[in-house]
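Each chain, letter by letter, is given below.
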2 protein chains.
Amino acid sequence: MKKTSALRNTEQSHQIAKEKEDGKEWRRSEEQESGAEDIVTGCPKESDMEVVEGSITLKLPEGSNEVLIKNLYLSADPYMRILMSERESPQSLASYTIGSPLAGYGVAKVVESGHPDFKKEDLVWGIFGWDEYSLSPQHKFFSKSSTLMSHFPTILEFLVCICMPGMTTYAGFFEIGSPKKGDNVFISAASGAVGQLVGQFAKLMGCYVVGSAGSKEKVDLLKNKLGFDDAFNYKEEQDLDAALKRYVSDGIDNFENVGGKTLDAVLQNIRVQGRISVCGMISRYNVDQQEGIKNLIHLLLKEVRMEGFNVSKFYHLYPKFLEFILPHIREGKIMYVEDIAEGLENGPAALVGLFSGRNVGKQVLLVARD
Amino acid sequence: MKKTSALRNTEQSHQIAKEKEDGKEWRRSEEQESGAEDIVTGCPKESDMEVVEGSITLKLPEGSNEVLIKNLYLSADPYMRILMSERESPQSLASYTIGSPLAGYGVAKVVESGHPDFKKEDLVWGIFGWDEYSLSPQHKFFSKSSTLMSHFPTILEFLVCICMPGMTTYAGFFEIGSPKKGDNVFISAASGAVGQLVGQFAKLMGCYVVGSAGSKEKVDLLKNKLGFDDAFNYKEEQDLDAALKRYVSDGIDNFENVGGKTLDAVLQNIRVQGRISVCGMISRYNVDQQEGIKNLIHLLLKEVRMEGFNVSKFYHLYPKFLEFILPHIREGKIMYVEDIAEGLENGPAALVGLFSGRNVGKQVLLVARD
């Protein structure tokens, strides 16, 4: 733990600092900075990150139009692994740089605002640094949360449902997956952030929904709480192709995926004109060399569409998404299961745990209750 | 060479036989019939097929509404390999059965017709058995060719442009590939049946077009006759990724593919929101176990759509396709290079040659000149 500025990745934050309060942040460890192309290799380890203590002035300078926020909840998501390997960063997301805080979706509270659209105590959501306090230019906020928040019992439920997983699921399932009533939908990593919502959206649409997950607890959750038609523990299956033939005997129309061996088995079981929404490849994020996907020929044989997407391209559909989800939220038709780690110091373990499936439900990091 | 019925795969043809004339057909060899799941394994060999001599009566029975045709040109295409492995047959195409003739696209002449839409001497195109004469129910014909034919200098050019390759290219490039003016289009197997047309369609659309092929002769053809902006011999490249970075330095938007290592290199070089039309995976047809595609993560990172298709699903666009292509044909803006094998007895070699790239241009089998 070093004493350092909480916001030292932005020059500007130093210049405007006036009053000081202790603050913490997460940042990428500098240990591996020495010239490697991939700074984090394989599965991320806690030692790839460090928690740094620093100080920040909780007052804006005269005339600033920025917004000073205090983070409440941060969303720990598998895509963050991609941002640790610069060469693989998607163009719409900035890769992390060594020594700067990680960044991701979160809900925060406005401490002070120099921008007319925001005032003190407003709840905001967007992409924030993984720190206790941040100074953010207004464009980094997606939305004031206050109005939306009123539809949710807690900020936490708002985060899980509305931030990254909700919109990602909506875009991936409805826009990329083009689902039809009666489709057979198979979801791997089904109890995860996106998986659990895909399953519920698919059930609302009248699909037959099967999920796979990595423990009995998760399988029970899928079947008994989240309303999946069936579910299985993939770790107990020697032959994923055979498992899929057993659980979705007439083939899969629509699939949300983790890549790897599961994808190969899905390709063997996909039906004509099936759709594969590539909204994650968690099995691929951690390996530099893998076996490779062998069954892509089925894309041709069965006229399958496989499409990767970035949720940020679908933000124009946000009003449509809210129109869809809010009534279901009000009627209690959407459940969400979250796994909460508390305190920035437990952030690295929470993030690393995603890749071994340690989390049950959406992994959230609670930074402060208010 | 055995003496047998030319049409013994259809019971009906025997019953209606009245007048006899010598005929030949191609059929799958019976040697491998004994219970193997894949009847043809790996790259097809000439010994997987045999030419059989037989006899057929060139007269329809009273009251028949079928059509007796004489094949003129047959189209030898890589997808035919798929039909040799029953378990991999796409649902819209019938797999070959042991002892029956191969089947594929062709242009034929009506010898006698029991159907009011067709008359003697009409030219027809559709999916026909690889034989000299066939008795075909009317629904197997796509179209009378006579009217269309008037737009083409020869029947052969009609076959190359209008039968499978033309419509496949049109559907794959325009419908699946969603090309935009200025796109960088990379085409592997670029001098082949589909490749040469994709390149020309892309140039007409204002794209930058690079092709790869397997010999200097083919590369010269692409650059000097077919109007590609650039082309290279993939066999001379140690590192396909590096080759693509050299030839399409700012990335690929649109790609027609052969699968395998080329696909992996394309994935490394695809641009954001690129599109990969899976209209063939010739490199995959011949192998039971392959290395696997390792770079699918780029579908996610770059929001890429990869889609397989079957041309038969696009036949409703036929009028639109003709509206597009006929003016270009008339103005001499579309070139086509064909490789002609003559006589059914040279069919097996022509078909096998597709998989080693022996053909230069679209492989056609000339059965009879008229």
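Here, residues in each chain are numbered from 1, in the same order as that chain's written sequence. Chains and ligands are labelled by the order in which they are written, letters from A for the one and numbers from 1 for the other. Only residues with pLDDT of at least 70 are given local features in this predicted model, and only at 80 or more are side-chain atom pairs given and counted; all residues enter the totals for whole chains, interfaces and linings. Calculated side-chain values reflect all of the structure's heavy atoms, with hydrogen atoms and water omitted.

*Asks:* So, the overall build of chain A: which residues are in play, and what are the values?
*Replies:* Helix and strand assignments follow DSSP, with helices taken as H or I runs no shorter than four residues and strands as E runs no shorter than two, numbered in order from the N terminus. Counting secondary structure elements, chain A contains 12 helices and 15 strands. For every residue, the accessible area (1.4 Å probe, protein chains only) is compared with the maximum for its type, and the residue is labelled buried under 20%, exposed over 50%, or partly exposed between those bounds. Relative to its 370 residues, chain A shows a buried fraction of 63%. For chain A, long-range pairs separated by at least 24 residues make up 69% of all intrachain contacts whose partners lie at least 6 apart in sequence. With an accessible surface of roughly 14,500 Å², chain A has 48% of that area assigned to carbon and sulfur atoms. The criterion used for residue contact is that any of the two residues' heavy atoms lie within 4.5 Å. Surface accessibility in these figures is a Shrake-Rupley result with a 1.4 Å probe; residues are shielded only by whichever protein chains are displayed.

*Asks:* Talk me through the packing of aromatic side chains; I want residue IDs and the actual numbers.
*Replies:* Residue and element names in this part refer to chain B. Stacked, edge-to-face and tilted are the three classes for Phe, Tyr and Trp ring pairs, Trp counted by its six-membered ring, which pair at centre distances within 6.5 Å; planes under 30 degrees apart are stacked, over 60 edge-to-face, the rest tilted. Applying the stated criterion across every chain yields a total of 28 aromatic pairs over all chains. A centroid spacing of 5.9 Å and a plane angle of 25 degrees characterise the contact between F174 and F201, whose relative ring orientation is stacked. Taken together, the positions of F174 in helix α4 (residues 164-176) and F201 in helix α5 (residues 195-204) put the pair 27 residues apart, joining distant regions of the chain. Accessibility expressed as a relative area gives 0% for F201, which makes it buried.

*Asks:* An account of the pairing of strand β14 (residues 338-342) of chain A is requested, with residue identities and associated values reported.
*Replies:* Residue and element names in this part refer to chain A. Pairing between β14 and strand β15 (residues 362-366): 5 bridges, direction parallel. Bridging across to β15, E342 finds its partner in L366. The parallel pair β14 and β15 is bridged by helix α12 (residues 347-353), and the resulting crossover is right-handed. Strand pairing requires that DSSP identify at least two bridges connecting the strands. A right-handed crossover is one whose linking path, passing over the helix from the first strand to the second, runs clockwise when the strands point away from the viewer.

*Asks:* Describe the pattern of salt bridges, with residues and values.
*Replies:* Oppositely charged side chains can pair when the atoms bearing their charge come close. All names here are of chain A. Salt bridges are identified by distance alone: a Lys or Arg side-chain nitrogen within 4 Å of an Asp or Glu carboxyl oxygen. Enumeration over the complete set of coordinates arrives at 35 salt bridges over all chains. Salt-bridge contacts for K320 lead to E175; the nearest nitrogen and oxygen are separated by 3.6 Å. Taken together, the positions of K320 in helix α11 (residues 318-330) and E175 in helix α4 (residues 164-176) put the pair 145 residues apart, joining distant regions of the chain. Here D183 makes a salt bridge to R275, at a shortest N to O gap of 3.1 Å. Taken together, the residues D183 in the loop between α4 and β8 (184-187) and R275 in strand β12 (residues 270-278) connect sequence positions 92 residues apart. Several salt bridges converge on common partners, so that one network encompasses D250, D253 and R271.

*Asks:* With reference to specific residues and values, describe the packing of helix α3 (residues 155-162) of chain A against α4 of chain A.
*Replies:* To characterise two packed helices, one gives the angle between the axes of the helices and the distance between these axes. All names here are of chain A. Helix axes are fitted to C-alpha atoms over the stretch in contact, other axes to C-alpha atoms as well, and angles between N-to-C directions run from 0 to 180 degrees. Viewed as axis vectors pointing N to C, α3 and α4 meet at an angle of 30 degrees, and their least axial separation amounts to 3 Å. Comparing their axes, α4 and α3 come out roughly parallel. Contacts between α3 and α4 involve L159, V160, C161 and I162 from the first element and M164, P165, G166 and M167 from the second. By definition in this entry, angles of less than 35 degrees are roughly parallel, angles greater than 145 are roughly antiparallel, angles of 65 to 115 are roughly perpendicular, and the rest are oblique.

*Asks:* Provide a residue-level description of unusual backbone geometry, including the pertinent values.
*Replies:* Positive phi outside glycine occurs at S178 of chain A, with the angle close to 40 degrees. Within the secondary structure, S178 of chain A sits in the loop between α4 and β8. Among the residues examined, S178 of chain A registers a relative accessible area of 30% and is labelled partly exposed. Even without being a glycine, E121 of chain B presents a positive backbone phi close to 80 degrees. You can see E121 of chain B is positioned in the loop between β4 (103-113) and β5 (123-129).

*Asks:* Tell me about the side chain of K109 of chain B, and please be specific about residues and values.
*Replies:* In this fold, K109 of chain B is placed in strand β4. Apart from residues no more than four positions distant in its own chain, K109 of chain B is found in contact with L68, I69, K70, L72, E121, D122, L123 and D370 of chain B.

*Asks:* Summarise helix α6 (residues 216-225) of chain A; cite the residues concerned and give the values.
*Replies:* All names here are of chain A. Within the span of α6, buried status applies to K218, V219, L221 and L222. Projected down its long axis, α6 carries its buried residues within an arc of 155 degrees, all on one side. Those residues of α6 that are exposed and aimed more than 90 degrees away from the buried face are K216, E217 and N224. In this structure, the buried side of α6 is in contact with β9 (208-213) and β10 (230-233). Immediately downstream of α6, the backbone of G227 shows phi near 75 degrees, a positive value. It is the directions from the helix axis to the C-beta atoms whose arc is reported.

*Asks:* Describe the environment of D229 of chain A, with residues and values.
*Replies:* All names here are of chain A. Tracing the sequence through the fold places D229 in the loop between α6 and β10. In this structure the C-alpha to C-alpha distance between D229 and Y208, which are 21 residues apart in sequence, comes to 6.4 Å. Polar contacts involving the side chain of D229 include one to the side chain of K203, which spans 2.9 Å. For this analysis, a polar contact is any N or O atom pair within 3.5 Å, provided that within protein one partner can donate a hydrogen and the other can accept it, and provided that sequence-adjacent residues contribute only side-chain to side-chain pairs. A distance of 2.8 Å separates a polar side-chain atom of D229 from the backbone nitrogen of V209.

*Asks:* Would you mind going over the sheet that holds strand β12 (residues 270-278) of chain B in detail, with residue names and values included?
*Replies:* Pairing in this open sheet of 12 strands is mixed, and the strands run β10(A)-β9(A)-β8(A)-β11(A)-β12(A)-β13(A)-β13(B)-β12(B)-β11(B)-β8(B)-β9(B)-β10(B) from one edge to the other. The sheet is open, and its two edges are formed by β10 of chain A together with β10 (230-233) of chain B, each paired on a single side. Across the sheet, the mean angle separating the axes of adjacent strands is 15 degrees when strand polarity is ignored. The pairing of β8 of chain A with strand β11 (residues 252-256) of chain A spans 3 bridges and is parallel. Among the inter-strand pairings, F186 of chain A is bridged to a residue of β11 of chain A, identified as F255 of chain A. Across the sheet, helix α5 (residues 195-204) of chain A is in contact with β8, β9 and β11 of chain A; its angle to β8 of chain A comes to roughly 170 degrees.

*Asks:* I'd like to hear about the nonpolar core, residue by residue, with values.
*Replies:* Counting residues in hydrophobic clusters, the biggest one holds 80 residues, and the most contacted among them are I162, F201, F321 and I325 of chain A. Counting contributing residues, this core receives three or more from each of domain 1 (11-150 + 337-366) and domain 2 (164-312) of chain A. Membership of the second largest hydrophobic core comes to 78 residues, among which are C163, V209, A341 and A368 of chain B. What we call a nonpolar core is a set of buried Ala, Val, Leu, Ile, Met, Phe, Trp, Tyr and Cys residues that are connected through their side-chain atoms within 4.5 Å. Domain extents, as shown, originate in an automatic or database domain assignment.

*Asks:* Can you tell me about the environment of C279 of chain B, naming the residues and giving the values?
*Replies:* Tracing the sequence through the fold places C279 of chain B in the loop between β12 and α9 (282-285). As a C-alpha pair, C279 of chain B and V258 of chain B span 21 residues in sequence and 8.2 Å in three-dimensional space.

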